[in-house]
Amino acid sequence: MPTNRGTDPAEIAAEKMRFVLGRFCSGVVVVTSMGADGPVGFTCQSFASLSLDPPLVSFFASHGSKTWPRIRSVGWFCVNILASGHEEISGRFAVSGADKFAGVAWRPAPSGAPVLDDVCAWVDCTLEAEYPGGDHDIVVGRVRSLDASDDVLPLVFYRGGYRSLR
Ligand SMILES: Cc1cc2nc3c(=O)[nH]c(=O)nc-3n(C[C@H](O)[C@H](O)[C@H](O)COP(=O)(O)O)c2cc1C
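Residues numbered from 1 in each chain as written. Predicted model: local features only at pLDDT ≥ 70, side-chain atom pairs only at ≥ 80, totals over all residues. Heavy atoms only, no water.

Draft legend 1. Inspection of the overall build of the chain at higher detail. When helices and strands are counted, the chain shows 3 helices and 12 strands. For 166 residues, the compact-globule estimate of 2.2 N^0.38 gives 15 Å, and the chain sits close to it at 17 Å. In terms of overall dimensions, the chain has a C-alpha envelope of 55 × 35 × 35 Å along the principal axes. In the chain, 63% of the contacts between residues at least 6 apart in sequence involve partners at least 24 apart. Within the structure as shown, the chain displays about 9,700 Å² of accessible surface, and the carbon and sulfur contribution to it stands at 56%. Side-chain charges in the chain split into 15 positive and 18 negative, and the spacing between the mean points of these groups amounts to 6 Å. (Helix = DSSP H or I, 4+ residues; strand = E, 2+ residues; numbered from the N terminus. Rg over C-alpha atoms; globule rule 2.2 N^0.38 Å. Contact = heavy atoms within 4.5 Å. Areas by Shrake-Rupley, 256 points an atom, 1.4 Å probe, with all protein chains shown as cover. Lys, Arg positive; Asp, Glu negative; His and termini not counted. Charge placed at Lys NZ, Arg CZ, Asp CG, Glu CD.)

Set out below in structure tokens:
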């Protein structure tokens, strides 16, 4: 049995975490909803399918996010799975305080949350649960409706940059 289980976890630098965990390739989503003052949204890559029965999905929201608390208070949201070519959209929805929807085309999902034009797929949810996850919250959404476009390739995020499956 190894005795030295490595350095004290607190000593693992965020930089090392990003360096190593950036090897985990993922898609990119924009989580949207309709707040009291109009549409809101933020870019997220920690999205995953959690459960088929019941139909649940999950993502992790940073404690630093200004948008997540606004979506939480609404209680429903749409996960937009970005397509290849959506790099600008991804960057735009990652800037805190920006007018993120200016000039962005969208239509309402059944919940009323924005579905951005030309996404790969969308997943309309109600907020099911939230759990503490260090400097993020673990969010669970119950899927209420969803759909996907045929033959639209996803935007991929790998080692801190955007990639395409083309
Ligand atoms: C590719 C990419 C992936 C991201 N993934 C996440 C994530 O999984 N969770 C999160 O809370 N923020 C994530 N962010 C950062 C948020 O998008 C950003 O902090 C947020 O949009 C800031 O705006 P807000 O204050 O309006 O929420 C990501 C940003 C980028 C560019």
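Draft legend 2. Examining the sheet that holds strand S12 (residues 161-164) more closely. Strand order across the open sheet formed by 3 strands is S1-S11-S12, with antiparallel pairing between neighbours. Sheet topology places strand S1 (26-27) and S12 at the edges, where each strand pairs with a single neighbour. Here strand S11 (residues 155-158) runs beside S12; their pairing, made up of 4 bridges, is antiparallel. Residue pairing in the sheet places Phe157 in a bridge with Tyr162 of S12. (Pairing = 2+ DSSP bridges.)

Draft legend 3. Layout of the site of the ligand. Around the ligand, the structure places 17 residues, and the nearest of them are Ser46, Ser62, Ser65, Thr67 and Ser96. Contacts to the ligand include Ser65, whose side-chain N or O atom sits 2.6 Å from an oxygen atom. Within the contact set of the ligand, an oxygen atom lies 2.9 Å away from a side-chain nitrogen or oxygen of Lys100. Protein chains shield 82% of the accessible area of the ligand, which is 630 Å² for the free molecule. When the residues that make up the shell around the ligand are grouped by side-chain class, the tally is 8 nonpolar, 7 polar and 2 charged. (Near = heavy atom within 4 Å. Polar contact = N/O pair within 3.5 Å; in protein donor to acceptor, adjacent residues only side chain to side chain. Nonpolar A, V, L, I, M, F, W, Y, C, P; charged D, E, K, R; others polar.)

Draft legend 4. Just the nonpolar core, in detail. Among the nonpolar cores identified, the biggest contains 16 residues, and Val31, Phe42, Phe59, Trp68, Ile71 and Phe77 are the most heavily contacted of them. For this core, the secondary structure elements donating two or more residues are strand S2 (29-35), strand S3 (38-44), strand S5 (56-62), helix H2 (67-74), strand S6 (76-81), strand S9 (121-133) and strand S10 (136-148). Contacts of Phe42, omitting those with residues within four sequence positions, involve Val29, Val30, Val31, Phe59, Ala61, Ser65, Thr67, Trp68, Ile71, Phe93 and Lys100. (Core = buried A, V, L, I, M, F, W, Y, C linked by side-chain atoms within 4.5 Å. Buried < 20%, exposed > 50% of the residue type's maximum accessible area, 1.4 Å probe, protein only.)

Draft legend 5. Fine view of the packing of aromatic side chains. Counted by the stated rule, this structure contains 7 aromatic pairs. Residues Phe42 and Phe59 carry aromatic rings whose centres are separated by 6.2 Å and whose planes lie at 65° to one another, so their mutual orientation is edge-to-face. Of this pair, Phe42 sits in strand S3 while Phe59 sits in strand S5, and the two are 17 residues apart along the sequence. Looking at Phe59, the relative accessible area reads 1%, which means it is buried. Measuring from centroid to centroid gives 6.3 Å for Phe101 and Trp106, while their planes differ by 75°, and the two rings are edge-to-face. Through pairs of rings, three or more aromatic residues link up here, namely Phe42, Phe59, Trp68 and Phe77. Here the basic side chain of Arg23 rests over the ring of Phe19, its NZ or CZ set 4.3 Å away from the ring centre. (Phe/Tyr/Trp six-rings, centres within 6.5 Å; stacked < 30°, edge-to-face > 60°. Lys NZ or Arg CZ within 6 Å of the ring centre and 35° of its normal.)

Draft legend 6. Up close: the pairing of S2. The buried fraction of S2 amounts to 6 of the 7 residues, a majority that puts the element mostly inside the structure. Bridging between S2 and S3 involves 7 bridges; their strand directions are antiparallel. Bridged to Val29 within S3 is Cys44. Two successive antiparallel strands, S2 and S3, enclose a turn made up of 2 residues. Here S2 runs beside S6; their pairing, made up of 4 bridges, is antiparallel. If you follow Val30 over to S6, its bridge partner there is Asn80.

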